[in-house]
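Residues per chain, in single letters:
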Amino acid sequence: MFGKVVKHELRANALLYGVCFAIAFLFCIGTVINGKMVVYESTVADWVTSTWVFLVMACGVSVAVLALMYGINTAIRYDRSMYGREGYLTFTLPISTTKLVLGKMASAMIWGTGVFVVCGLLCFSILYSAVNPDVGIMRTWELVKTIFSEQEIILNIVLFLILCLLAVLELISMIYISICIAYLPCFRKGNRIIALVLFFVISFVENKILNLVSFATQDALGLVLEEDIMYIPNGIELAQQLFSNFRTLCIMGIIWCVIFTAVYTTITIYLTKKYTALQ
């Protein structure tokens, strides 16, 4: 039944995300092709340059739109499937509360991963179209490899990707707990407005908690930067120190994402089991 919940949620959003992803891929391909024409051709028509600028702007806007659409759609889908008209059918399913919530979360995470990948492709297409790969990218990569070992680079990239994916999962759990609390029996009207307010309140409280942890805040990173600039005159040593700080921040971010996601999900499952017909 867990698999059926995931499949149902995936199918419910397939058309929306499929169309959005297709449009994004067209923007990526068009941006790269037009960008290479501008970079390599000695003389290009004005409309080619104008088209490339438009496509670059379209890619940037698409990243923002996809991220915003994903958050809104995730909230709307969970609200309708659990507390809207579809909720009557949901509550009759022979499935435990834990599996139901986790199934919906798994589906949202799959689509979130897809949005993350597509946004990454859009950003890459902008950079790739604007830089001559034989000159800019390759020389930059060689310079980076002279400062850091390949293992360090790969490790930092992997940690950053894990942090981003866990941040998506935490966002899902934060949306779910906000909606769950908003539909408690004590709230009779304005549940969706309450859920929106709760989302920002939870985000604010979470940021306050993170501010108490020195290595998990941007302010702490700023202090490290000032100290490094003052006491490390060697540029390579400074870069290596910043690389190490980045890795530390990624690890701390991963730990906190796991903690907050576990807390939010546990509370959501508990409240759903206690105040609905699900057993």
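Since we're looking at a predicted model, the values are computed, not measured. (Residues numbered from 1 in each chain as written. Predicted model: local features only at pLDDT ≥ 70, side-chain atom pairs only at ≥ 80, totals over all residues. Heavy atoms only, no water.)

## A closer look at the pattern of salt bridges
For side chains bearing opposite charge, pairing can occur when the charged atoms are close. What the rule picks out here adds up to three salt bridges. Here glutamate 9 makes a salt bridge to arginine 77, at a shortest N to O gap of 2.9 Å. Here arginine 77 lies in helix H2 (residues 46–83) and glutamate 9 lies in helix H1 (residues 2–40), a separation of 68 residues in the sequence. Exposure remark for glutamate 9: the relative accessible area of 4% places this residue in the buried category. The exposure class assigned to arginine 77 is buried, which follows from its relative accessible area of 15%. Across the salt bridge formed by arginine 192 and aspartate 79, the nearest N and O atoms sit 3.0 Å from each other. Remark: aspartate 79 occurs in helix H2 and arginine 192 occurs in helix H7 (residues 191–211); sequence separation between them is 113 residues. Judged by its relative accessible area of 56%, arginine 192 falls in the exposed class. The buried category is assigned to aspartate 79, whose relative accessible area is 6%. (Salt bridge = Lys/Arg side-chain N within 4 Å of Asp/Glu carboxyl O. Helix = DSSP H or I, 4+ residues; strand = E, 2+ residues; numbered from the N terminus. Buried < 20%, exposed > 50% of the residue type's maximum accessible area, 1.4 Å probe, protein only.)

## A word on the side chain of serine 81
By secondary structure assignment, the location of serine 81 is in helix H2. In this structure the side chain of serine 81 is engaged in a polar contact, spanning 3.3 Å, whose partner is the backbone oxygen of tyrosine 78. Within polar-contact distance, the side chain of serine 81 engages the side chain of lysine 104 at 3.1 Å. (Polar contact = N/O pair within 3.5 Å; in protein donor to acceptor, adjacent residues only side chain to side chain.)

## Remarks on H7
With 21 residues, H7 extends 30 Å between its outermost C-alpha atoms, agreeing within 8% with the 30 Å of an ideal straight helix rising 1.5 Å per residue. Among the residues of H7, those classed as buried are Asn191, Ala195, Leu198, Phe199, Ile202, Ser203, Glu206 and Leu210. Along H7, the residues classed as buried sweep out an arc of 140° about the axis, all on the same side. More than 90 degrees from the buried face of H7, the exposed residues found are Ile193, Phe200 and Phe204. (Expected span 1.5 Å × (residues − 1). Arc of directions from axis to C-beta.)

## A few points about the packing of aromatic side chains
As enumerated under the stated definition, the model contains 10 aromatic pairs in all. Here tyrosine 17 and phenylalanine 21 contribute two aromatic rings whose centre-to-centre distance is 5.9 Å and whose plane-to-plane angle is 40°, an arrangement assigned as tilted. Here phenylalanine 21 and tyrosine 17 lie together in helix H1, a separation of four residues that amounts to about one turn. Taken individually, tyrosine 17 and phenylalanine 21 each receive the classification buried, so the pair is uniform in this respect. Centroid distance phenylalanine 199 to phenylalanine 200: 5.6 Å. Interplanar angle 80°. Geometry classified as edge-to-face. Judged by its relative accessible area of 52%, phenylalanine 200 is exposed. An aromatic cluster is built from Tyr17, Phe21, Tyr70 and Trp111, whose rings are joined through pairwise contacts. (Phe/Tyr/Trp six-rings, centres within 6.5 Å; stacked < 30°, edge-to-face > 60°.)

Geometry only, nothing functional implied.
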